[in-house]
Amino acid sequence: MSDPTPDCPGCQALQVQVTALQAELAELRARLDQNSANSSRPPSSDPPWTPKPNRRQPTGKKRGGQPGHPGHRRACVPLAQVDTRHEYVPIACTHCQALLPVDTPLEDHTWTHQVVELPEVRPQVTEHVRRACRCPACGKRTWAPLPAGVPASGFGPRLHATVALLTGKTHMSRRHARACFAELFRLPLALGTLAKIERRVAAALATPTAAVAAAVQAAPVVYSDETRWREGKQRPWLWVLSTLSCCLFRITDHRDRESFAALFGEAGAARTLVSDRYSAYGHVPEAQHGYCWAHLDRDFLAVAQSADPLAFLGGYCLEEVDRLFAHWRQFRTGQGDRPALATAVAAVQRRLRAWLTWGAEAGGPKMAGFFRNLLAHWESLWVFVTTEGAEPTNNHSERLLRAGVRWRKTSYGTQSAAGRCYTERLLTASGTLALQGRPLFPFLLAACRAAVGDGALPSLIPSPL
């Protein structure tokens, strides 16, 4: 039997199969090497042994507070907020144990020790008795109506706000919230009751969250991000659109351009979007669409860790990203204005364009396609340099989106349209108030009271100075 020759049809087919398997093996190895530092995977998907992404050189200092740093201790509550006050006078000397005379003068210096304790909380039950009588004219029964401010349900506004705080802010499951009410407040609540309370809270937040949606659609700079959601057997998407003072959460069935456009509104000449390079944002003009450099940093790291012959270009690009963020930090700390920032970034632009052009022309298919895409959308890389209020990253929205991710992981998403509405509005109210430095519970309490006619409806939009 003669040896196979390169011209043998079977050998050629075998070579094609080997080449395909080698390419598949390289792709699988690249996927195994992916983590949150070089891909869009979330940090929670990293195994415990994955090293933290940090290109800074270690300082050699120990963790925690450094020698000489100012100490911090809990501040005392003002005297006006103290409920009970006791003052003590020494009786005997702690050094020689001699008894101290009663008329021994006291020094002005005092040592204040405050003990904070939680009071026992018991449900406050108010009984409203409605009487009835029959009309002398028609003989039919008439019941006395409830006065304004008394809810039609069996639970008051403060209880509604507390349920919303537990399930909507701390992301407790309904079973855990039920246990919390039973143990702390001695109030047994059914799971169905908690669901009804959540629906009433969602209805009370309809107008304030609608105002946030209008404010986001009118904002000059908007940051956007999205993540997977769960609703029964469906896999919808949770979106967040944010400004520096408010944020809007929405759950949509699809992750497409139509879903985003319905939230973002019309892309005007004075509006700028900052996001990643996902295709759903592709209809926004380049001059109004700033790319997130934190995402690009991960993409360049993936290039540097790839098996491409020109993988070293990824390292060159990472150096330019570090220089870019150094210039941005100087700008943020007041060391120069935007023209100075543009001048400093110009050198980064020149070098980065050279590396991208080199990789687009001589790199492997994956690198070349990625670099060509960046060159084709070059203007989107530098929107933050000239646009007032725009930042080079989308970290603002990503941080806000983590609240939705935590909710999804603890509650496994939602089960109905009512649950979707409650999630959207609680995340919107909680995230917006956090951006403004305002507490959530007083706002929820005011909204629930306004729903039963007791007070004015609060607003999520900050008042102009």
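For the structure given in this document, a descriptive report is provided here. As the structure is a computational prediction, the values presented were derived from the model and not from experiment.

Glancing now at the packing of aromatic side chains. A full pass over the atoms with the stated rule returns 18 aromatic pairs. One aromatic cluster is present, formed by Trp239, Phe260, Phe264, Tyr278 and Tyr281 through successive ring pairs. For Arg353, the ring lying beneath its charged end belongs to Trp378, and the centroid distance is 4.3 Å.

Taken together, the side chains of Phe312, Tyr316 and Trp358 define a hydrophobic patch exposed on the protein surface, amounting to about 270 Å² of accessible area. Structurally, Tyr316 can be placed in helix H8 (residues 312-332). Residue classification places Tyr316 among the partly exposed positions, given a relative accessible area of 32%.

When you line up the elements, Ile461 lands in the segment after helix H14 (440-451). Linking Ile461 and Arg29, residues 432 residues apart in sequence, is a C-alpha distance of 49 Å. Aside from chain neighbours lying at most four places away, what touches Ile461 is Ala211, Val212 and Ala215.

Turning our attention to the pattern of salt bridges. In the structure shown here, the tally under the stated rule is twelve salt bridges. Here Glu120 makes a salt bridge to Arg122, at a shortest N to O gap of 3.9 Å. The same class applies to Glu120 as to Arg122, namely exposed. If you follow the salt bridges from partner to partner, you end up with Glu120, Arg122 and Arg186 in one network.

What counts as what
Residues numbered from 1 in each chain as written. Predicted model: local features only at pLDDT ≥ 70, side-chain atom pairs only at ≥ 80, totals over all residues. Heavy atoms only, no water. Phe/Tyr/Trp six-rings, centres within 6.5 Å; stacked < 30°, edge-to-face > 60°. Lys NZ or Arg CZ within 6 Å of the ring centre and 35° of its normal. Patch = residues over 30% accessible without salt bridge, like charges linked within 9 Å, V, L, I, M, F, W, Y side chains within 5 Å. Areas by Shrake-Rupley, 256 points an atom, 1.4 Å probe, with all protein chains shown as cover. Salt bridge = Lys/Arg side-chain N within 4 Å of Asp/Glu carboxyl O. Helix = DSSP H or I, 4+ residues; strand = E, 2+ residues; numbered from the N terminus. Buried < 20%, exposed > 50% of the residue type's maximum accessible area, 1.4 Å probe, protein only. Contact = heavy atoms within 4.5 Å.

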